[in-house]
Amino acid sequence: MGRQLTQHGSGWLHFLRYIAAAIAAVIFVQAVAAEQTDQNHQEPRTIRYVGSQYYPPLESRDEQGQAVGYISDLARAMAASSGDQVEFDLIPWHEALAAVQNGDADMIALIASEARREFYDFTTPFYYVAHSIFSHRRGPQFGALEQLAGHRVAFVRGSFSFAQVSESEQPFEIVTAEHELECLEMVANRTADACIEVSITSNHLAQMYRLPVEVTSPPFWPQPYVFAVKKGNTELLDLLNIQLATIVVDGSYQAVYRKWAAEIEWKPHSIWQAIQHALWIFLVILGLAVTFFLWSWTLRKQVRKRTADLFAELKRSRQLQNDLRYASTHDSATGLLNRSAFFENLDKSLSQPQKTSNNTLTLLVIQVTNVDRIAITLGYQATLETVNNVARRLQRFPDTTNAHYGSGLFAMLYRGDLPINDVVTIVAQAQLSDGTRIEPQLAFGVAGCSTDNKHQSNVCNAAELVRRGMTALAYARKKKTTVAYYSSEIEPNSLNLRLLNDFQRVHCSQFVLHYQPQLDLHDNEITHIEALIRWQHPDFGLLPPVKFIALFEETGAINVITRWVIRECIAMLKHHHESLKVSLNITTRDLVDDDFVPLVKELIQGINPERLVFEVTETGIFTDSQQAQRSMKELHQLGIQFAVDDFGTGYSSLSYLNELAIQEIKIDRSFVAELTQQSRALAIVQSTIALAKELGLDVVAEGVEDRETLELLRKLGTDRIQGYYLAKPMPETELDLKKIVRSD
């Protein structure tokens, strides 16, 4: 201010005029407010307020059941400014909303939105809030909304976040809670995988009730907080706006804010900033005191206090707006552009004409593929340092636009020539963190797009360019290479995409099981059958498992299919003879799933568990041998049998036959098919059977196609055979075991 007065040349004269104008404005505002207050409050009235009791520190109940919190104190101060009373009723949120709409209550504090404007009228904003994702501390950590796909997400019924996700179809399952505490408790007891709620209030709830729940995402959906009344209640709305303005002017608002500032401010202000603000305010107040010493002490106190409060509130509001504007376009972890801002920048780059001769934009998509392992091994801080180091190294390259999508996924956009090898070399350098050498494992996907309409074959929009880059990245990860360049040859199989999409829509409703009998060569009876899955697709017909099982194993959907097969097999066993046993395939994903063993225990109620044989491939067992061994041992203790499928084609060591709970081995069809033709195949089968007998294991040969092979296997000591010579896989309705034996 001093520099401005000096520039005007009149010094103290201009300063005195400025102060006099400010005081006159404050006195005028006070007089108008007082006159309005007198007109509207000739008789005290009681204002009924409703809210949520699980919303600390904004509003909640103390041990005596009284309403406490920032909003509660603010409502009391507003009512006191006009001589009114306020009654509080803290109830479940959706009931509070309905109470105001029905006229059973007068006012409520909520997040302003266009959808709510249909039912409520809003005061001017008095606070701002944002939402976050809350995850279980010992479960999956969700850092962004897109990571919630396929999971159960809890929302408070009637809340702003519930309305946000209900407006359009979401890739996750929505479950509703009656109040904010229940939303977090659903995550704590694993009824839901995540809860989306207001960052500050739910963080307080998790700490107050000692829930194993924590914030795992940056804040999003920043929104203003207002007092709301029933639509059309303009008299009460005007009163609340006057009350709110009055407590801002007389300092009551500032007193309430200071009381709760330590709890309602998500990021504490710097102590030095607070000291600087206080010194600045002190100098202004001191200047007023010296300049207007002859004025009335009462007038000087009012002007000094109200002026300081108004300036502080204005500065805080501007800072908050700047922070929210920056947060809406930048990633909080790295300071790079976020996904939406990067897309906007990419759209501009593709649409604006270029003066240079180079009309090709190159997108480089980079992923730190071991970011989860770094987090598990070294902790969150080391993960953050790794991600930030990668971000800083990307910024070394001039004339590039960089973004962080979250979870170690980056994007770099540039025009012209930039050696990819230079980027790989610089970004992939080892990093030091607390004396530990961190090797970021990186994958790069490269895609180009022309901004020249003359090259129509390579023209694309922002979404298409990013899709190409992600396709190249996925190809690099699949092939375990560092860099992959986009081309039409690496596009995913369209049939696979169709099948994945259809499965997400219909799940297992189109699957059927066919059963292939196994002949016991000792008793010449059908004692076992193997369940083989088929997909009765409405467009592609009956699809064998080779068309879709590997696809679902890659995407993680195989767990759902395995559970469906187990349920169907158990249902089938319940109306067949007690001597019949069924074999079915499971995967390592099932064995290492914490929920698999408890589910099987629940499903086998009502049948003899010894009638189930779980087949696991050799390579599958050793994906996580310790966890697989524990699960197999526990299931075997229940009576369930285990068989090694495709024996001889996988793991080179045979020690697992002694270490794991295995009762039988299935000789792979590749050896059985050559049994009568190649002496080497005969030797392998003969030695395998001898080894199994020494270990007390049953031997099953699959792929038997002729009588000669069957008799040779019988002679070698095989226990059971399976193949087209005996019977093809068939629906349960065609399964006549006695007929099959007679025809043999």
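Below is a summary of the structure that appears in this document. (Residues numbered from 1 in each chain as written. Predicted model: local features only at pLDDT ≥ 70, side-chain atom pairs only at ≥ 80, totals over all residues. Heavy atoms only, no water.)

Within strand β9 (residues 152–156), four of the five residues are buried, which leaves it mostly tucked inside the rest of the structure. When β9 meets strand β10 (residues 173–177), the two strands line up parallel, connected through five bridges. Within β10, the residue paired with F155 across the bridge is T176. Read from β9 through helix α5 (residues 160–166) to β10, the crossover connection turns out right-handed. Pairing of β9 with strand β11 (residues 194–198) involves two bridges; the strand directions are parallel. Bridge pairing in β11 places A154 opposite C195. (Buried < 20%, exposed > 50% of the residue type's maximum accessible area, 1.4 Å probe, protein only. Helix = DSSP H or I, 4+ residues; strand = E, 2+ residues; numbered from the N terminus. Pairing = 2+ DSSP bridges. Right-handed = clockwise from strand over helix to strand, strands pointing away.)

Let us now look at the environment of Y49. As for its position among the elements, Y49 is in strand β1 (residues 46–51). Take Y49: its relative accessible area is 1%, and that puts it in the buried class. If near-sequence neighbours (up to four positions away) are discounted, Y49 is found in contact with E59, I71, V86, E87, F88, D89, L90, M107, I108, A109 and F227. Here E59 takes part through its side chain, which lies 2.6 Å from a polar atom of the side chain of Y49. (Contact = heavy atoms within 4.5 Å. Polar contact = N/O pair within 3.5 Å; in protein donor to acceptor, adjacent residues only side chain to side chain.)

Within helix α4 (residues 93–102) the residues assigned to the buried category are W93, H94, A96, L97, A99 and V100. The inward-facing, buried residues of α4 contact β1, β6 (107–111), β7 (120–122), β9, α6 (180–188) and β13 (220–230). Positioned one or two residues after α4, G103 has a phi angle of 85°, which is positive.

Read across the open sheet, the five strands follow the order β15-β16-β14-β19-β20; overall the sheet is mixed. Two strands bound the open sheet, and with one partner strand each, they are β15 (400–406) and β20 (483–485). Sheet twist, expressed as the mean angle between neighbouring strand axes with direction ignored, is 20°. The pairing of strand β19 (residues 442–450) with β20 spans three bridges and is parallel. Counterpart to V446 in the pairing with β20 is Y485. This element, helix α14 (residues 380–394), spans β14 (360–368), β15 and β16 (409–415) of the sheet and lies at about 0° to β16. (Axes fitted to C-alpha atoms, helices over the stretch in contact; angles between N-to-C directions.)

The next subject is the state of the cysteines. Each disulfide is one covalent bond, formed between the sulfur atoms of two cysteines. In this structure the tally under the stated criterion is one disulfide. Each sulfur in the disulfide pair C183 and C195 lies 2.0 Å from the other. Its S-S torsion of about 115° marks the bond between C183 and C195 as right-handed, since a negative value means left-handed. A residue pair is termed long-range when its members are at least 10 positions apart, and C183 in helix α6 and C195 in strand β11 qualify at twelve residues. By the burial criterion, C183 is buried, and C195 matches it. (Disulfide = S-S within 2.5 Å.)

Time to look at the packing of helix α9 (residues 252–264) against helix α11 (residues 297–327). Here α9 crosses α11 at 55°, and the two axes come no closer than 10 Å. Judged on the interaxial angle alone, α11 and α9 are oblique. Relative to α11, the crossing made by α9 is left-handed. For the pair α9 and α11, contact is made by Y253, Q254 and Y257 and by D309, E313 and R316, respectively. Along the lines of polarity and charge, the residues of the contact of α9 with α11 split into two nonpolar, one polar and three charged. (Parallel < 35°, antiparallel > 145°, perpendicular 65-115°, else oblique. Left-handed = near helix turned anticlockwise from the far one by under 90°. Nonpolar A, V, L, I, M, F, W, Y, C, P; charged D, E, K, R; others polar.)

Quick look at the side chain of S583 now. Along the chain, the position of S583 falls in strand β24 (residues 581–585). For S583, the residues in contact, after removing those within four places along its chain, are Q518, I529, E530, A531, V613 and E615.

Counting buried positions over the five residues of strand β28 (residues 698–702) gives four, a clear majority of the element. Direction of pairing for strand β27 (residues 664–667) relative to β28: parallel, over a ladder of four bridges. Paired with E664 across the bridge in β28 is D698. Bridge analysis of β28 against strand β29 (residues 720–722) gives three bridges, and the strand direction is parallel. Residue E702 lies in a different strand from β29, and its bridge partner there is Q722. Taken together, β28, helix α27 (residues 707–716) and β29 constitute a β-α-β crossover, and its handedness is right-handed.

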